[in-house]
Structures are given as C-alpha cells and as structure tokens.
Amino acid sequence: MSALLTNLTHWKSLESHFGEIKNVQLKDLFEKDGTRGERFVLKVSDIYFDYSKHRITEETLSLLLGLAEERGLEARRAAMFSGEKINSTENRAVLHTALRAPKGATVLVDGHNVVPDVHAVLEKMTEFSNQVRSGAWKGHTGKSIKYVVNIGIGGSDLGPVMAYEALKHFSQRNLSFRFVSNVDGNDFAEAVEGISAEETLFIISSKTFTTLETMTNAQTARTWLLEQLGGDASAVAKHFVAVSTNGEAVSKFGIDTQNMFGFWDWVGGRYSMSSAIGLSTMLAIGSEHYYEMLAGLHEMDEHFRTAPLNENIPVIMGMLGIWYADFFGVQTQAIFPYENYLKRFPAYLQQLTMESNGKHVTLEGENVGYQTGVVYWGEPGTNGQHSFYQLVHQGTLLIPCDFIGFKKPLNVLPPHQDYLIANMIAQGEALAFGKTAEAVKAEGVADNLVAHKVFEGNRPSSTFFIDQLNPKNLGKLIAMYEHCVFVQSVIWDINPFDQMGVELGKVLAQNIIPELQDTSKVLQHDSSTNALIEYYRS
Ligand code: G6Q
C-alpha cells in the first residue's frame, strides 16, 4: 500500500515552497535570469520543449522531481513497460507500448512474447490496405473501394479521426474517409450521404463488439448496404471488416473472421490507436507512413523509459500539471495547436487525459483527498485567439496552455506560416509578461479605459516546437501525452487505465429504452426523470 501523497516529504516541502512562489512574477524570474529561456528547455529529437514560462524555479523543479522519485515513478514505469498487471481493477497488463515495439523485441505477458503477434496483425493490415489502396480489393459488384467508413466510438473513434485529420496531407486522395460514432442516426445518415454502397468499405471498430452505438450503427450499415446491393448477404464479406478482440461476436455479426484484425485486452480503448484500431489510418496514409508513426511512438516510449527524470519530457510535463492542479488549484489545461491539421487533437486528448485521470479514489479505493485530473480543452490557433483567448488573458482563472507549433509548413503558401508562428510565439509572450497600467497609460489611453487594457501576465504556458507535422512526429506527440497522463496517475496513486465512470449512465439508458418504446410501462424514477420520459412519449 503506498503512502498517502500528502504525507510525503517532498509534498510537504512543495507546500511550503508554494508559499514562496505563488506571488512570484514570471517577469521577475526572466529579468533576474537572462538565460532562463534557454535553460528551461529540452530538445529531444525533433521536439523543442520550452517550459521556461512556468511559475517555477530550479528549486520547484527539483522538489517536483523529488516527489516523482519518492512516489516510485521509475519503478511504476518499469512495471508498465514490462507487462505487469498495473491495471489493477481489471487485472490487466497495460502494453500500448508493445504495439510499437520493433519486430525483434520481446515483451512478455504471462510468459508469452506478444511482439510477434503484434507484427502478424500489422502484416495482415498492410496486405489488406495495399489491396484496397491499389484498387485490387473489389466490392460485391466488382468495383474498387472509394469510400471508407469507420464505425466506432470513444477509443475506437477519436484516435482514428484525429490521426486521419492530422495526416490528411499524406493520405491517398482518391479514397474518401468518413467516421461514424454517435448513436444519433444523423451521424450515419450524413456519413453515407451521396456515396454508393458498391464502392464502400465499412470498418467496424470495437474492442468488445458489444458497444450499443457501434453495434447499432453497424446493423444500420449492413441494412443500408444490402438494400442498395439487392439483399444478397454474401455482399457483406466484401464490404465489412472488423477490428476487435471478440472473434465470436464478429462472426455472429456476419463478418468472416478472415476479415478481422485483432488486438488484445492489454490495450485500453483510448490507448489503442496504434493497434489494429488504426486500420483506417493505414488505409489513408499507407503502411510505410503508418510504420513511421509507430516508429515515432516507439521513439517517445524509449525516451520516457530511459531518460533521467530531469531530461524527460513527459515527466516534466506531468509534474508541471501536478504543481498547478494540486498547489495552485488550477482546474483546466488548454491545448492550442498552431496547426490546422491538428484540429481534432484537443478532442482526442480530452479522452486520453480525462477518462484516464478523472478518478476520485486511490488504487486501494480510498478517497484521494487532493485534486486529480483537470479539464483538457482547446482549439487550433489562430482561431481560438478570436474567441476564448480573452478569458485566458484577462479572466480570473489561471489556465496553463500548451502551444504546439511546427517549423516547416506542409503547404508552403507564404506568408501564412510566418503569420501563424508569430502569433503562437506572441501568445506565450503576452500571457507570461502581460502589459502594465504604466505601459497602457504611456500609449495615451484614456484613464477610464486603462484598467480594461491591462494584462496582468504571469500566466504560464509550454511551447512545443516541432520540425514538421509528419507521421513520425505525430507518433511522438501522442506518446508524449500518453506518458504525461501516466506520470500524473502515479503521483495521484490512481488507476488511469479503467473507466468505470462511464458505466452508470449506460446501464440507466438500458432501463429507459424499453420505457420509451412501450408507453404502457409504469415509470418509477424520480419526478424529473419520469417527467422527461412522459414528455418524450407525448
Ligand atoms: C476507452 C474506453 C472507451 C471505448 C469505447 C468503445 O478507453 O474504453 O472509449 O473505447 O467505449 O469501446 P469498444 O471499442 O469496445 O466498442
């Protein structure tokens, strides 16, 4: 049983240190130390990580890293990589890192090396995607595939959508990709609007193959396809493939298990985008690019696994999050990619971070008694600057921001890139250093407006400057956040790999479905729930 976080020596030191730091201004830290902006930086392969604009000193950092050590981060990290069953509530190993391990590597789960299994699936995915991309894979009527529709939700959707959008530049443009997740029929209806079943491939992505949304959409897709293709059930084999761990349910649905791409219970949903759940990604960008993405993921895994804590990007990111959440009482973390292709990245991170660290009990089931996961949110810059950045600059909340930018644009259209990056750099500068009343007055602003134009500053941010958005660097970025989540979970002593908080609502919905369908059923909920059901029935 691990010690209570708040009893640890470093926690106590951080508490008293916080008293010294809380009113310190970034402006003063930078004035006192001319090299701060060069020292609080890590450069790891293509990633330049500037964390100088955080409300920390060298002492803060050393206390935070001391806390990580005292908490046993290194041992927990080793336990994860070596396949120990660290997902204790579900008694499972946690090995998304094995999904990107190179071919000759060994990762044992219950004494069995899973790496050859991983590569066997990758080879099957490669063969299939080559066939579809080249046009060799024919549909029921002999036509090649033009439209790929991924049906999945949560971890079986958010990663694939994010990766497809992020890597669109590398995608094969004569294939069109759509993603259906919501049980709302509008999602399916719009995804198949104007496309012909003859040229459509559905990927049913579901780890369990029991999820209400995905199974409902898959059945609707089956009906839609068969209606268009004259009702011959043998058409399903040419137009449906499955990604799942549940072979039995897949064949029950009518998909030949030959057309199934498997994965394993040691891959959590939100950590599954580098498993066969990435099939749509491989179809879009091709296997070579896909392998590059895996190489990027692996490179960051290795960095996290081997770099000393003070040179370890996910460790520093994670510990900064602890500093703000547990000492400053910060409740949100903004993600601002200055890269339009990353428009779904914040949504992807929301699941990764919030489903993982949104926990209120420790591994032993005790109430934590301190703050855990914060709300992640964001939008690409510069769009956000014209909307919610107002609150980030002048509101009353403290919101640490992650700026993510790329040096080389994928589409070279001067002067766009310079304008984009100038804005990203300027935002971090404005947040940190603000603008004083004196500076506002010196511009001749009327006295009654001065207060409105003051920027307090002292608002923290990280800047991740990466060479270019490509499959490899996307892989690094994803693994970087995955491991940051893990670091925080270790400090908080919570399980980031289960998601029991999503269950209750699902169960209650199952009770309500028959009550909506059969109006004679007597309602026995609370008065609000009863009234809502009655209103729908009427
Ligand atoms: C992720 C969650 C959840 C899951 C979906 C879809 O970590 O477990 O988002 O991915 O509920 O589940 P299936 O893949 O089993 O349909």
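Residues numbered from 1 in each chain as written. Predicted model: local features only at pLDDT ≥ 70, side-chain atom pairs only at ≥ 80, totals over all residues. Heavy atoms only, no water.

Asks: So what exactly am I meant to see when it comes to the overall build of the protein chain here?
Replies: Secondary structure assignment for the protein chain yields 21 helices and 13 strands. Against the 2.2 N^0.38 benchmark of 24 Å for 538 residues, the protein chain shows a C-alpha radius of gyration of 25 Å, consistent with a compact globule. Judged by the C-alpha coordinates and their principal axes, the protein chain covers about 75 × 60 × 60 Å. The buried share of the protein chain, reckoned over its 538 residues, is 53%. (Helix = DSSP H or I, 4+ residues; strand = E, 2+ residues; numbered from the N terminus. Rg over C-alpha atoms; globule rule 2.2 N^0.38 Å. Buried < 20%, exposed > 50% of the residue type's maximum accessible area, 1.4 Å probe, protein only.)

Asks: For this particular structure, what's the right way to read the site of the ligand?
Replies: Taken together, 13 residues form the shell around the ligand, and within it Ser-156, Ser-206, Thr-208, Thr-211 and Gln-351 come nearest. Measuring from an oxygen atom of the ligand, one finds a backbone N or O atom of Gly-155 at 2.9 Å. The separation between an oxygen atom of the ligand and a polar side-chain atom of Thr-211 is 2.5 Å. Protein burial of the ligand: of its 400 Å² of free accessible surface, 87% is covered by the chains. Taken together, the residues that form the shell around the ligand break down as one nonpolar, nine polar and three charged. (Near = heavy atom within 4 Å. Polar contact = N/O pair within 3.5 Å; in protein donor to acceptor, adjacent residues only side chain to side chain. Areas by Shrake-Rupley, 256 points an atom, 1.4 Å probe, with all protein chains shown as cover. Nonpolar A, V, L, I, M, F, W, Y, C, P; charged D, E, K, R; others polar.)

Asks: In this structure, what is going on with the nonpolar core? I would like to understand it.
Replies: Grouped burial of nonpolar side chains is what soluble globular proteins tend to show. Of all hydrophobic cores here, the largest spans 124 residues; its most connected members are Trp-266, Met-319, Trp-323, Phe-345, Ile-404, Leu-474 and Tyr-481. In terms of residue count, helix H19 (residues 471-492) provides more of this core than any other element does, 13 residues in total. In this structure Ile-404 touches Ile-335, Phe-336, Pro-337, Tyr-338, Leu-342, Phe-345, Met-424, Phe-464, Ile-466, Leu-477 and Tyr-481, once residues within four positions along its chain are discounted. Core analysis: the second largest hydrophobic core is formed by 28 residues, Phe-188, Ala-197, Leu-226 and Phe-240 among them. (Core = buried A, V, L, I, M, F, W, Y, C linked by side-chain atoms within 4.5 Å. Contact = heavy atoms within 4.5 Å.)

Asks: For this particular structure, what's the right way to read the sheet that holds strand E1 (residues 41-44)?
Replies: Think of a sheet as strands paired side by side through backbone hydrogen bonds, with each pair either parallel or antiparallel. Taken in spatial order, the six strands of this open sheet run E1-E2-E13-E12-E10-E11, and their pairing is mixed. Strands at the two margins of the open sheet, each flanked by one partner only, are E1 and strand E11 (375-378). For this sheet the average axis-to-axis angle between neighbouring strands, irrespective of direction, equals 15°. Bridge count for strand E12 (residues 401-408) against strand E13 (residues 461-468) is seven bridges, and the pairing is parallel. Bridge pairing links Gly-405 to Phe-465 in E13. Along the sheet face, helix H13 (residues 313-328) touches E1, strand E2 (47-50), E12 and E13 and points at about 30° away from the line of E2. (Pairing = 2+ DSSP bridges. Axes fitted to C-alpha atoms, helices over the stretch in contact; angles between N-to-C directions.)

Asks: Before we go on, may I ask you to explain the packing of aromatic side chains in this structure?
Replies: Here the distance between the centres and the angle between the planes together describe a pair of aromatic rings. Taken as a whole, this structure holds 37 aromatic pairs when the rule is applied. A centroid spacing of 5.0 Å and a plane angle of 75° characterise the contact between Trp-377 and Phe-388, whose relative ring orientation is edge-to-face. Pair noted here: Trp-377 is in strand E11 and Phe-388 is in the loop between E11 and helix H15 (389-394), with a separation of eleven residues, a long-range link. Site record: aromatic cluster; members linked through ring pairs are Trp-11, Phe-18, Trp-323, Tyr-324, Phe-327, Phe-328 and Tyr-370. Positioned above the aromatic ring of Phe-261 is the side chain of Lys-124, whose terminal nitrogen or guanidinium carbon lies 5.3 Å from the ring centre. (Phe/Tyr/Trp six-rings, centres within 6.5 Å; stacked < 30°, edge-to-face > 60°. Lys NZ or Arg CZ within 6 Å of the ring centre and 35° of its normal.)

Asks: Please clarify how unusual backbone geometry should be interpreted in this entry.
Replies: Thr-382 follows Gly-381 through a cis peptide bond whose omega is 10°. One can find Thr-382 in the loop between E11 and H15. Geometrically, the link from Pro-414 to Pro-415 is a cis peptide bond, its omega value of 5° lying close to zero. Among the structural elements, Pro-415 can be located in the loop between E12 and helix H16 (416-433). Its identity as a non-glycine residue notwithstanding, Asn-91 has a phi of 50°, on the positive side.

Asks: Would you explain H19 in this entry?
Replies: In an α-helix, one turn spans 3.6 residues, which is why side chains three or four residues apart end up on the same side. With 22 residues, H19 should reach 32 Å at 1.5 Å per residue; the first-to-last C-alpha distance of 32 Å fits that figure. Across the 22 residues that make up H19, a large majority, 21, are buried. After H19 finishes, the residue Asp-493 shows a positive phi value of roughly 60°. (Expected span 1.5 Å × (residues − 1).)

Asks: Explanation requested: the packing of helix H12 (residues 279-306) against H19 in the structure shown.
Replies: The description of two helices packed together rests on the angle between their axes and the distance between the axes. Interaxial distance between H12 and H19 falls to 7 Å at its minimum, and their mutual angle equals 35°. The handedness of the crossing between H12 and H19 comes out as right-handed. Contact with H12, carried on its side by His-289, Glu-292, Met-293, Ala-295, Gly-296, Leu-297, Glu-299, Met-300, Asp-301 and Phe-304, involves Pro-471, Lys-472, Leu-474, Gly-475, Lys-476, Ile-478, Ala-479, Met-480, His-483, Phe-486 and Val-487 of H19 and no other residues of that element. Of the residues in the contact of H12 with H19, the class split is twelve nonpolar, four polar and five charged. (Left-handed = near helix turned anticlockwise from the far one by under 90°.)

Asks: How should the pattern of salt bridges be read in this particular structure?
Replies: Here the idea is simple: oppositely charged side chains can pair when their charged atoms come close. The tally for this structure, following the rule as stated, stands at 21 salt bridges. Across the pair Lys-343 and Glu-165 runs a salt bridge whose closest N-O atoms are separated by 3.9 Å. Pair noted here: Lys-343 is in the loop between strand E10 (332-338) and helix H14 (345-357) and Glu-165 is in helix H7 (residues 158-166), with a separation of 178 residues, a long-range link. Classification of Glu-165 as buried rests on a relative accessible area of 16%. Through salt bridges with shared partners, a single network forms among Asp-33, Arg-39 and Glu-58. (Salt bridge = Lys/Arg side-chain N within 4 Å of Asp/Glu carboxyl O.)

Asks: What's the story with a nonpolar patch on the surface in this structure? I'm lost.
Replies: Together, Leu-504, Val-507 and Leu-508 make up a nonpolar patch on the protein surface, roughly 280 Å² of accessible area in all. Relative to the helices and strands, Leu-504 is located in helix H20 (residues 503-517). On the basis of relative accessibility, which here comes to 60%, the residue Leu-504 falls in the exposed class. (Patch = residues over 30% accessible without salt bridge, like charges linked within 9 Å, V, L, I, M, F, W, Y side chains within 5 Å.)

Asks: Looking at this structure, I do not really get the pairing of E13. What am I missing?
Replies: Two faces make up the sheet, and in a regular strand the side chains alternate between them. With six of eight residues buried, E13 lies mostly within the body of the structure. Where E2 lies against E13, four bridges are found, and the strand directions are antiparallel. In the strand pairing of E13, Ile-47 is matched with Ile-466.

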